[in-house]
Amino acid sequence: MSVIFEKVALIGLGLIASSMAHAMKRGEVAKEIAGYARTPETRATARKIGLCDVYDTAGECVQDADLVVLCVPIGAMASVMSEIRPHLKTGAVLSDVGSTKRAVIDAIGPHVPDGVHFVPGHPIAGTEYSGPESGFATLFDNKWFLLTPEPGTDPAVVQKLAEFWQALGSNVEEMEPDHHDLVLAVTSHAPHLIAYTMVGVADDLSRVTDSEVVKYSAAGFRDFTRIAASDPTMWRDVFLTNKDATLEILGRFTEELFALQRAIRTGDGDHLHDYFTRTRAIRRGIIEAGQDTAAPDFGRGGSGR
Ligand code: NAP
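Residues numbered from 1 in each chain as written. Predicted model: local features only at pLDDT ≥ 70, side-chain atom pairs only at ≥ 80, totals over all residues. Heavy atoms only, no water.

1. Some points on the overall build of the protein chain
Scanning the protein chain from terminus to terminus reveals 12 helices and nine strands. Taken against the 2.2 N^0.38 rule, which gives 19 Å for 305 residues, the C-alpha radius of gyration of the protein chain at 21 Å falls within 12% of a compact globule. Across the 305 residues in the protein chain, those meeting the buried criterion constitute 44%. The contacts in the protein chain between residues at least 6 apart in sequence include a share of 76% that link residues at least 24 apart. Accessible area for the protein chain stands at about 15,700 Å²; split by element, carbon and sulfur atoms hold 55% of it. If the 29 positive side-chain charges of the protein chain are averaged to one point and the 41 negative ones to another, these points end up 5 Å apart. (Helix = DSSP H or I, 4+ residues; strand = E, 2+ residues; numbered from the N terminus. Rg over C-alpha atoms; globule rule 2.2 N^0.38 Å. Buried < 20%, exposed > 50% of the residue type's maximum accessible area, 1.4 Å probe, protein only. Contact = heavy atoms within 4.5 Å. Areas by Shrake-Rupley, 256 points an atom, 1.4 Å probe, with all protein chains shown as cover. Lys, Arg positive; Asp, Glu negative; His and termini not counted. Charge placed at Lys NZ, Arg CZ, Asp CG, Glu CD.)

Written out as structure tokens, the structure is:
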């Protein structure tokens, strides 16, 4: 592979940034990988494992960088932006990996200096693990990366960033930011909230002990616990910044849940069977699209986010 950006700066050194660093090395996509994390502990860990050149300030990290990627929780994007703003080089590409897009654009867009190209994006790939040691080079392989540029963005810059993510293993598509937030509310955000709720319900149910929940945990519940183990800060920020779309999907979810509840109460087996037949076809479609395998992994594998 050939170098796409000479110097890439990663702000935040968690799951996504560390996976990017590994995938960049695998593909020889950058000559220099710089990184910064907020706490000395995370910086020390990143240094210990030789993840990248670790800097003690975000400003030094982005100095001379051709691509800067913000890999911090969405709620931290604005403060990180004000820290790095004076240090961005003219002509640099600025991007992010935040799980919601409109809020990131609103937080960062107005502060982008002249001559810096801002192209937001989101890798639809993740696990429930966090931190610099959780990353791996194959995280993005055959997973989608959605670019959500604002109208008027230089198409050559968008194309270059698309090539970068393709070199990291992703399939890249462009999407309008509000549409992105609605799609992700359906495919990721609402399902996470439902998983958090189901695990919370099991925890609260006094007639079933916690040890029984752990001991007899069946595949469905195990998958919920994996999702519900996801980083609390990241997911708090997702719901705070994708409020409307998530509430719209949860409203529809509640209506369907009531209909299924009624079908169970009235013994309407046809309704239940038809519904489950329809949902089974969606699972087949995901496997046929190569976004998951049919092999049972009982929640141990990585997943799209
Ligand atoms: P992570 O493993 O928890 O790492 C977050 C990093 O951000 C850490 O290095 C942390 O530094 C730093 N950070 C946290 N708060 C900060 C602040 N206020 N100022 C500066 N740095 C701060 O997170 P991640 O899973 O890589 O997620 C990063 C971004 O990717 C999020 O925006 C998330 O929405 C998005 N994303 C995540 C997934 C996923 O499945 N995890 C998937 C797609 C997109 P310290 O360790 O020093 O605190």
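This is not the end of the story, as more comes after the structure.
2. Digging into the site of the ligand
The ligand sits among 28 residues. The nearest are L13, T39, T42, V72 and S99. With respect to the ligand, the backbone of L13 contributes an N or O atom lying 2.7 Å from an oxygen atom. T39 places a polar side-chain atom, nitrogen or oxygen, 2.6 Å from an oxygen atom of the ligand. Computed on the free molecule, the ligand has an accessible area of 910 Å², of which 89% lies beneath the protein chains in the complex. Spatially, the ligand is embedded in the second largest pocket. Contributing elements (two or more residues each) for the shell around the ligand: α1 (15–27), α4 (77–84) and β7 (121–123). Considering only residue class, the shell around the ligand consists of 15 nonpolar, 11 polar and two charged. (Near = heavy atom within 4 Å. Polar contact = N/O pair within 3.5 Å; in protein donor to acceptor, adjacent residues only side chain to side chain. 1 Å grid on protein atoms, 1.4 Å probe; cavity = no way out; pocket = protein on both sides within 12 Å on 5 of 7 lines; lining within 4 Å. Sits in = over half its atoms within 2 Å of the grid points. Nonpolar A, V, L, I, M, F, W, Y, C, P; charged D, E, K, R; others polar.)

3. Topic: the nonpolar core
Within the largest apolar cluster, 40 residues are counted, with the highest numbers of intra-cluster contacts made by L10, M20, M24, F140, F164, W165 and L168. Those elements giving two or more residues to this core turn out to be β1 (5–11), α1, β2 (30–36), β4 (67–70), β8 (144–147) and α6 (155–167). Every residue in contact with M20, bar those within four places of it in the chain, is listed here: L10, V69, C71, V97, F140, F164, W165 and L168. V62, I108, W235 and V238 belong to the second largest nonpolar core, which has 27 residues in total. (Core = buried A, V, L, I, M, F, W, Y, C linked by side-chain atoms within 4.5 Å.)

4. Structural notes on α6
Each α-helix winds once per 3.6 residues, and so residues spaced three or four apart point in a common direction. For α6, with 13 residues, the first-to-last C-alpha span of 18 Å sits near the 18 Å given by 1.5 Å per residue. Here α6 starts with a cap whose side-chain oxygen sits 2.9 Å from the backbone nitrogen of A156, and that cap is D154. (Expected span 1.5 Å × (residues − 1).)

5. Digging into the packing of aromatic side chains
Counted according to the given criterion, the structure contains five aromatic pairs. Seen from their ring centres, F5 and F164 are 5.7 Å apart, and the 70 degrees between their planes marks the pair as edge-to-face. Linking F5 in strand β1 with F164 in helix α6, this pair joins segments that are 159 residues apart in sequence. Note on accessibility: F5 and F164 belong to one class, buried. (Phe/Tyr/Trp six-rings, centres within 6.5 Å; stacked < 30°, edge-to-face > 60°.)

6. Digging into helix α7 (residues 177–204)
Here α7 is 28 residues long and its end C-alpha atoms lie 37 Å apart, about the 40 Å a rise of 1.5 Å per residue gives. Where α7 bends most, the angle comes to about 60 degrees, and this point is A185. Here α7 has its buried residues at P177, H180, D181, L184, A185, S188, H189, A190, H192, A195 and A202. Here α7 starts with a cap whose side-chain oxygen sits 3.2 Å from the backbone nitrogen of D178, and that cap is E176. (Bend = angle between axes of the 7 residues up to and from the residue.)

7. With respect to the sheet that holds β8
Ordered in space as β7-β8-β9, the three strands form an open sheet in which the pairing is mixed. Across the chains shown, the open sheet's two edge strands, defined by having one partner strand only, are β7 and β9 (171–174). Direction aside, neighbouring strands of the sheet carry axes that sit 20 degrees apart on average. As paired strands, β8 and β9 are joined by four bridges and run parallel to one another. Across the sheet, the residue bridging to W144 is N171, located in β9. (Pairing = 2+ DSSP bridges. Axes fitted to C-alpha atoms, helices over the stretch in contact; angles between N-to-C directions.)

8. Brief notes about the side chain of T100
Positionally, T100 belongs in the loop between β5 (93–96) and α5 (102–108). Take T100: its relative accessible area is 0%, and that puts it in the buried class. Of the polar contacts made by the side chain of T100, one reaches the side chain of T241; its length is 2.8 Å. Apart from the residues lying within four places of it in its own chain, the contact partners of T100 are I74, H180, D181, H189, V238, T241 and N242.

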